Amino acid sequence: MVMLTRVLCLWATLVLNATIAKGHRIPTRNECPPFKNGTIVIDSYQLYPENADFDLNQCLLYFGALFNASVVVYDPYKAKTVQTLEFPGITRTDPFHVGGVAWDPYTNLISILIDDATPHVTPDHHVGGDDFITRYDPVKKETLWFLNITEVSQGKYGGQQDVEHDARGHVYVLGTYPGTILRVEPDGSAIKPWYLPKVIDHTYTGLTGFAATGDILLASDARNATGSGEIVRFDMRAQQGTPVLVPRTPNEPIMSLDAVYLPPKYRGTVLLVSEHDRGVSVLRSQDGRWETAEYLGRVTDDPALKDGGVNVATVEIAGSVYMVDEWFADPIVPGTSAGNRTAFPMWDITAQVEKLLGAKGCSGGGWLGTIISS
Ligand SMILES: *[C@@H]1O[C@H](CO)[C@@H](O)[C@H](O)[C@H]1NC(C)=O
Ligand SMILES: *[C@@H]1O[C@H](CO)[C@@H](O)[C@H](O)[C@H]1NC(C)=O
Ligand SMILES: *[C@@H]1O[C@H](CO)[C@@H](O)[C@H](O)[C@H]1NC(C)=O
Ligand SMILES: *[C@@H]1O[C@H](CO)[C@@H](O)[C@H](O)[C@H]1NC(C)=O
Ligand SMILES: *[C@@H]1O[C@H](CO)[C@@H](O)[C@H](O)[C@H]1NC(C)=O
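Residues numbered from 1 in each chain as written. Chains lettered and ligands numbered in written order. Predicted model: local features only at pLDDT ≥ 70, side-chain atom pairs only at ≥ 80, totals over all residues. Heavy atoms only, no water.

(A) Region of interest: the sheet that holds strand 17 (residues 244-245). Judged by pairing direction, the sheet is antiparallel, and its 4 strands sit side by side in the order 14-15-16-17 without closing on themselves. Since the sheet does not close on itself, it has two edges, and those belong to strand 14 (207-213) and strand 17, each with one partner. Summarising the sheet, strand 16 (residues 230-235) and strand 17 pair through 2 bridges and their orientation is antiparallel. Residue pairing across strands places V232 opposite L245, the latter belonging to strand 17. (Pairing = 2+ DSSP bridges. Helix = DSSP H or I, 4+ residues; strand = E, 2+ residues; numbered from the N terminus.)

Laid out in structure tokens, this is it:
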């Protein structure tokens, strides 16, 4: 049995390496020093992060500051905010939020999603206000383009909350009500629907977050919050997106879904699923193809959950994996856009994730470690 596991692991590693090798042009970038500081607390008045990503070129963390509708750029090595991006007419302006923010590994650019918050805070997910997507060059510190998503959606669907990228320069935009994906041309010249469900009913809760590896786009699908959600897979080479179910073994439920994330250190083989009041589910596809997924377990011991905080996202900072929490219910400080919180903990869950990976299969010491030790 051990021998068979090792043979399978070796085979899976070779397939994975071949997939990566024939894969894509990755621009040259800096090496970020390993970050090993454990749980950290971000000191930032009204940060209320909804989403985060780590720029592996500049070694900086990007937060979508939900209620202020700004983007905070944070240096984890120095523990300080280095920049705050504000958008005239949007930042601290009702009804805008900034949710999705992502570093693009193919271009080193940042994609930022500005959304009308109304569908998230009304029971029937009322859609009406405007959503925008913008592309930012963090080295030149300039905005490359800024697009009005409502010109495409015509106010029929909304809840835009996540962004992803492919090797050909496209930017993908995920909306939750009823679960849509739009695709932006590399030069920002056009944005078009890439996946729309057959029935456009904004009362329905669909896709909540996505994560890409090579040409595979994975998305969490809340299935209108009735029981368990699912993970679906899209092929980014296609002209139009088609969701394909990724079955889980065992078929444990995934619920109250938000972001999903593939930590770079696992090279597209481990998916972390954020579940608001339940923690982080850990899924794995040993060959990185995501035709099926192993459900390995859930990281639950998040002290923030006892403090009204909910898990909205996860992010890896140069080797360490963190839970990002949000406090949706804090009363707004009069005259401002957000609650009075100044300290935002990020919980280091690296060891818990490693433990779940090590319990079964090839991981633990990593792929090469397995081969070398066997
Ligand atoms: C949010 O806006 C307030 C002003 O209302 C400002 O003091 C604070 O620094 C901002 N925080 C962030 C994270 O943008
Ligand atoms: C990280 O930990 C090191 C060693 O304990 C410490 O010197 C440093 O100040 C910490 N950095 C941050 C950002 O907390
Ligand atoms: C965005 O597009 C919508 C639909 O065309 C339009 O009503 C709205 O005014 C536009 N917003 C801006 C800021 O241009
Ligand atoms: C989705 O669920 C909501 C209640 O949570 C319900 O009002 C709505 O009708 C459902 N939509 C569909 C299309 O099932
Ligand atoms: C923040 O607001 C809460 C209630 O909304 C209050 O209990 C708490 O004392 C406030 N904290 C500060 C530092 O003002």
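(B) Quick peek at the sheet that holds strand 23 (residues 310-317). Taken together, 4 strands build an open sheet; the order of strands is 1-25-24-23 and the sheet is antiparallel. Unpaired on one side and paired on the other, strand 1 (40-43) and strand 23 mark the two borders of the sheet. Averaged over all adjacent pairs, the angle separating strand axes in this sheet is 30 degrees, with direction ignored. When strand 23 meets strand 24 (residues 320-326), the two strands line up antiparallel, connected through 7 bridges. When the sheet's bridge partners are listed, I317 is paired in strand 24 with S320. (Axes fitted to C-alpha atoms, helices over the stretch in contact; angles between N-to-C directions.)

(C) A look at the pairing of strand 6 (residues 96-103). Extensive coverage of strand 6 is indicated by the burial of 8 of its 8 residues. Note: strand 6 against strand 7 (residues 110-116), 6 bridges, orientation antiparallel. In the strand pairing of strand 7, H97 is matched with D115. Count of turn residues in the strand 6/strand 7 antiparallel hairpin: 6 residues, of which N108 carries a positive phi of about 65 degrees. (Buried < 20%, exposed > 50% of the residue type's maximum accessible area, 1.4 Å probe, protein only.)

(D) Expanded view of the layout of surface pockets. Put simply, the second largest pocket is a space of about 510 Å³. Lining of the second largest pocket is provided by 25 residues; of these, H120, Y177, D258, H276 and F328 occupy positions nearest its centre. Of all the secondary structure elements, the ones that give two or more residues to the lining of the second largest pocket are strand 6, helix 2 (118-121), strand 11 (171-177) and strand 19 (257-261). Here the lining of the second largest pocket is composed, by residue class, of 10 nonpolar, 12 polar and 3 charged. (1 Å grid on protein atoms, 1.4 Å probe; cavity = no way out; pocket = protein on both sides within 12 Å on 5 of 7 lines; lining within 4 Å. Points joined across faces, edges and corners; volume = space filled by probe spheres on them. Nonpolar A, V, L, I, M, F, W, Y, C, P; charged D, E, K, R; others polar.)

(E) Representation of the site of ligand 1 within the structure. In the vicinity of ligand 1, the contacting residues are S44, Y45, Q46, L47, N68, S70, V72, R92 and T336. A distance of 2.9 Å separates a nitrogen atom of ligand 1 from a polar atom in the backbone of Y45. Note that an oxygen atom of ligand 1 is positioned 2.9 Å from one of the side-chain N or O atoms of R92. Relative to its unbound accessible surface of 360 Å², ligand 1 loses 72% to contact with the protein. Here the residues of the shell around ligand 1 sort into 3 nonpolar, 5 polar and 1 charged. (Near = heavy atom within 4 Å. Polar contact = N/O pair within 3.5 Å; in protein donor to acceptor, adjacent residues only side chain to side chain. Areas by Shrake-Rupley, 256 points an atom, 1.4 Å probe, with all protein chains shown as cover.)

(F) The arrangement of the side chain of D221 in detail. Mapping D221 onto the fold places it in strand 15 (residues 216-221). A distance of 2.9 Å separates a polar atom in the side chain of D221 from the backbone nitrogen of R223. Ignoring any residue separated from it by four or fewer positions in sequence, one finds D221 in contact with G206, L207, G229, E230 and L257. (Contact = heavy atoms within 4.5 Å.)

(G) Representation of empty space enclosed by the protein. According to the stated counting rule, one finds 3 cavities of 30 Å³ or more in the structure shown. Approximately 50 Å³ is the volume attributed to the largest cavity. Every residue lining the largest cavity is listed: E50, N51, G99, G100, Q161, D162, T208, G209, D258 and A259. Residue assignment for the lining of the largest cavity shows that the elements contributing at least two residues are strand 2 (49-55), strand 6, strand 10 (158-165), strand 14 and strand 19. Looking at side-chain class alone, the lining of the largest cavity contains 1 nonpolar, 6 polar and 3 charged residues.

(H) How the structure looks around the pattern of salt bridges. This structure, assessed with the given rule, holds 13 salt bridges. Across the pair E86 and R92 runs a salt bridge whose closest N-O atoms are separated by 3.0 Å. For E86, a relative accessible area of 42% puts it in the partly exposed group. For D104, the salt bridge goes to R135, with nearest N and O atoms at 2.9 Å. Pair noted here: D104 is in the loop between strand 6 and strand 7 and R135 is in strand 8 (residues 132-137), with a separation of 31 residues, a long-range link. (Salt bridge = Lys/Arg side-chain N within 4 Å of Asp/Glu carboxyl O.)

(I) Spatial organisation of the side chain of D131. Assignment of secondary structure puts D131 in the loop between helix 2 and strand 8. There is a polar contact of 2.8 Å between the side chain of D131 and the backbone nitrogen of D116.

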